[in-house]
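Reading the structure
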Amino acid sequence: MSATPSTRVAIVGAGITGLTAALRLHERGFRVTVFERSAQPGGSIRSTSEDGWLVESGPNSLQYGPEVRKLVADLGLESELVKANPEAKRRFLVRNGRFVPVPSSPPALIRTPLFGFRTKLSLLTELLTRPRTRTSDLSLASLVRSHFTQELVDYAVNPLIAGIYAGDPEKLSVRHAFPTLLAAERSHGSLLRGMMAGAKARKAAGEPGVAPIISFQRGLQTLTDALAARLPAGSLQLNTTVTTLLSGQPHRLLWQKDGQTAYGDFDVIVLAAPAGALAQLAVGTLGERPLASLDSIPQPPVSSLYLGYRRARVSHPLDGFGGLVPSIEQRHVLGILFSSSLYPGRAPEGHVALTVFVGGMRQPELARLPVEQMLARIQPDLRDLVGAEGPPVFMRHAFWPRAIPQYVLGYERWQETMANLEKQHAGLFIGGNARDGISVPDCIKAGQKLAERVSGA
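Summary of the structure given here.

Rules of the game
Residues numbered from 1 in each chain as written. Predicted model: local features only at pLDDT ≥ 70, side-chain atom pairs only at ≥ 80, totals over all residues. Heavy atoms only, no water. Helix = DSSP H or I, 4+ residues; strand = E, 2+ residues; numbered from the N terminus. Rg over C-alpha atoms; globule rule 2.2 N^0.38 Å. Buried < 20%, exposed > 50% of the residue type's maximum accessible area, 1.4 Å probe, protein only. Contact = heavy atoms within 4.5 Å. Core = buried A, V, L, I, M, F, W, Y, C linked by side-chain atoms within 4.5 Å. Patch = residues over 30% accessible without salt bridge, like charges linked within 9 Å, V, L, I, M, F, W, Y side chains within 5 Å. Areas by Shrake-Rupley, 256 points an atom, 1.4 Å probe, with all protein chains shown as cover. Salt bridge = Lys/Arg side-chain N within 4 Å of Asp/Glu carboxyl O. Pairing = 2+ DSSP bridges. Arc of directions from axis to C-beta. 1 Å grid on protein atoms, 1.4 Å probe; cavity = no way out; pocket = protein on both sides within 12 Å on 5 of 7 lines; lining within 4 Å. Points joined across faces, edges and corners; volume = space filled by probe spheres on them. Axes fitted to C-alpha atoms, helices over the stretch in contact; angles between N-to-C directions. Parallel < 35°, antiparallel > 145°, perpendicular 65-115°, else oblique. Left-handed = near helix turned anticlockwise from the far one by under 90°. Nonpolar A, V, L, I, M, F, W, Y, C, P; charged D, E, K, R; others polar.

The next subject is the overall build of the protein chain. When its secondary structure is counted, the protein chain shows 16 helices and 21 strands. Computed over the C-alpha atoms, the radius of gyration of the protein chain is 23 Å, within 12% of the 23 Å expected from 2.2 N^0.38 for a compact globule of 457 residues. Dimensions of the protein chain along its principal axes, counting C-alpha atoms only, are 65 × 55 × 40 Å. Relative to its 457 residues, the protein chain shows a buried fraction of 52%. Taking the intrachain contacts of the protein chain between residues at least 6 apart in sequence as the baseline, contacts between residues at least 24 apart amount to 70%.

Here it is in structure tokens:
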């Protein structure tokens, strides 16, 4: 679609996907209006500073890959970047009730108590696996078991998925959540050789093998605030809930704001809201909700607890990124980030900050507990894993009732629902974490792809 000063685009959702799409469309000359039902843009990216504590209520870090790098440069934010402490490369997993460093070299792998001899041997013999093409989808746990051992699933994959998805690897689809692993198996047989080849290809293309981890001096909200500030005055409509789409030439949107119903006409509609909001959208004069099935996408609750302690009250050196907890260890936390070790300025002098995650697919009921009950439940874990003694001197709690869409086996039925609605209505585009990946870089790429699709329509 060629942009003219009169080409009107409505974007529903002012998370990182919607804001990125809005900026790129604005740069191309489209007239954008962004609708957001909450009081601030940015979605789950929320950073607040209080008395020397910098609290991230949602994502804590970004991988600084090509898409993020370009966006940061276009927004002029390079001077505000902070790279993660080099010690952040050190990660921990729980085995036998304590944090054990994840091995980062072949000698460390041989010595680590995380895995037994059979698992260590499988990491070598897997390199000999022949290529294969699967005709059906399978769970991530099933794929890893077929290449390695159950122990690797229990003590590596399970906690990793708790950290990324707050999910269960027995339920996640490889095809939808980790398609690069299927591609690696198809081309190389060995997942390890496939991943090494991918890293080599990225290096040959001038990209780092592993993208650095970054944030900003004032937290990740710096990024979404800068995106919102780049939009034309009046184009961001907060506290506004879009209720109905009447498709046509032009399309008409109806919305609620301040208890009043209003409407507007647009040439293009971009839906970049979470799955639950998309499920509520009425389309047409009969009030049908063609995306209602998206409400059944598993999205478990997660609580994030930001806990501040005096340094002397935490015995662990906190010399790394943080640690993840396998479900087989039967703990109440999914993982603990060493927030004050990652970046400077996250805690006052003489103090440390931890970010603790609770709930997910593993124990959803824990995420819903009143915060004082939750803290009492996880206190033994904090004591055993990081040596935290006594109550924190600072605490902030963020509750996400539907935190992360789970790309489970059979996820194609929801993908098809979104694709079919687009086919039925010219000028309608859908993207975001229910369709394009759950990480912040995935959502940035989704916003850019939406802008490209609108421009090319």
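Here we come to the nonpolar core. Within the largest apolar cluster, 55 residues are counted, with the highest numbers of intra-cluster contacts made by Tyr165, Leu253, Leu271 and Leu294. The leading source of residues in this core is helix α6 (residues 150-164), at 5 residues. With residues near it in sequence (within four places) discarded, Leu294 still touches Ala275, Leu278, Ala279, Arg402, Trp414, Thr417 and Met418. If you look at the next biggest cluster of nonpolar residues, it comprises 39 residues, including Leu23, Val72, Ala228 and Ala272.

Attention shifts here to a nonpolar patch on the surface. A surface patch of nonpolar side chains, amounting to about 360 Å² of accessible area, comprises Phe117, Leu121 and Leu124. Within the secondary structure, Leu121 is located in helix α4 (residues 117-125). For Leu121, a relative accessible area of 40% translates into the label partly exposed.

Taking strand neighbours across the sheet as the criterion, the 4 strands line up as β13-β12-β11-β15 in an open arrangement whose pairing is mixed. Edge positions in the sheet fall to β13 (260-266) and β15 (282-283), since each of these pairs with one other strand and no more. The sheet contact formed by strand β11 (residues 240-246) and β15 spans 2 bridges and is parallel. Bridge pairing in β15 places Leu245 opposite Val283.

Residues Ile213 and Ser215 line one face of strand β9 (residues 213-216) and the alternating positions Ile214 and Phe216 line the opposite face, and both faces are buried. In this structure, strand β6 (residues 81-83) lies alongside β9, joined through 3 bridges in antiparallel fashion. For Leu81, the partnering residue across the bridge sits in β9 and is Phe216.

Bringing the pairing of β11 into the picture now. In regular strands, side chains alternate between the two faces of the sheet. Across 6 bridges, β11 lies against strand β12 (residues 251-257) in antiparallel orientation. From the neighbouring strand, Thr240 faces β12, where its bridge partner is Lys257. Connecting β11 to the next strand, β12, in antiparallel fashion are 4 residues.

Here the focus is the pattern of salt bridges. By the definition in use, this model includes 18 salt bridges. Among the ionic pairs, Arg8 bridges to Asp267, the shortest N-O distance being 3.3 Å. Residue Arg8 is located in strand β1 (residues 8-12), and its partner Asp267 is located in the loop between β13 and β14 (268-271); the two are separated by 259 residues in the primary sequence. Judged by relative accessible area, Asp267 falls into the partly exposed class, the value being 27%. Notably, a salt bridge pairs Asp295 with Arg402, separated by 2.6 Å at the nearest N-O pair. With Asp295 in the loop between β15 and β16 (302-310) and Arg402 in the loop between β20 (394-400) and α15 (412-424), this pair connects stretches of sequence that are 107 residues apart. With a relative accessible area of 37%, Asp295 lands in the partly exposed category. When salt bridges that share partners are traced, they join Arg24, Glu27, Lys70 and Asp74 into one network.

Every α-helical turn comprises 3.6 residues, leaving residues that sit three or four positions apart pointing alike. Among all positions in helix α2 (residues 66-74), only Val68, Leu71 and Val72 are buried. The arc enclosing the buried residues of α2, seen along the axis, measures out at 100°, which places them on a common side. Residues of α2 that are buried sit in contact with α1 (16-27), β5 (62-63), β6, β9, α10 (221-229) and α16 (440-456). Once α2 ends, the next one or two residues include Gly76, with phi positive near 70°.

As a further point, take the environment of Leu77. Structurally, Leu77 can be placed in the loop between α2 and β6. Leu77 sits 203 residues away from Gln280 along the chain, and the two C-alpha atoms are 36 Å apart. Excluding anything up to four places from it in sequence, Leu77 contacts Val72, Phe216, Thr222, Leu223 and Ala226.

A few words on empty space enclosed by the protein. With the rule as written, the count across this model stands at 1 cavity of 30 Å³ or more. Estimated volume of the largest cavity: approximately 60 Å³. What lines the largest cavity is simply Leu54, Glu56, Asn60, Tyr306, Ser339, Leu342, Tyr343, Arg346 and Thr355. When residues of the lining of the largest cavity are traced back to their parent elements, those giving at least two are β4 (53-56) and α12 (339-342).

Three or more residues of helix α5 (residues 140-147) are buried, namely Leu140, Ala141, Leu143, Val144 and His147. Viewed along the axis of α5, the buried residues span an arc of 160°, placing them on a single side of the element.

Close contact between α1 and α2 brings their axes to 13 Å; oriented N to C, the two are set at 60°. With respect to α2, the element α1 is oriented oblique. For the pair α1 and α2, the sense of crossing is left-handed. For the pair α1 and α2, contact is made by Thr20, Leu23 and Arg24 and by Lys70, Leu71 and Asp74, respectively. The residue inventory of the contact of α1 with α2, partitioned by class, reads 2 nonpolar, 1 polar and 3 charged.

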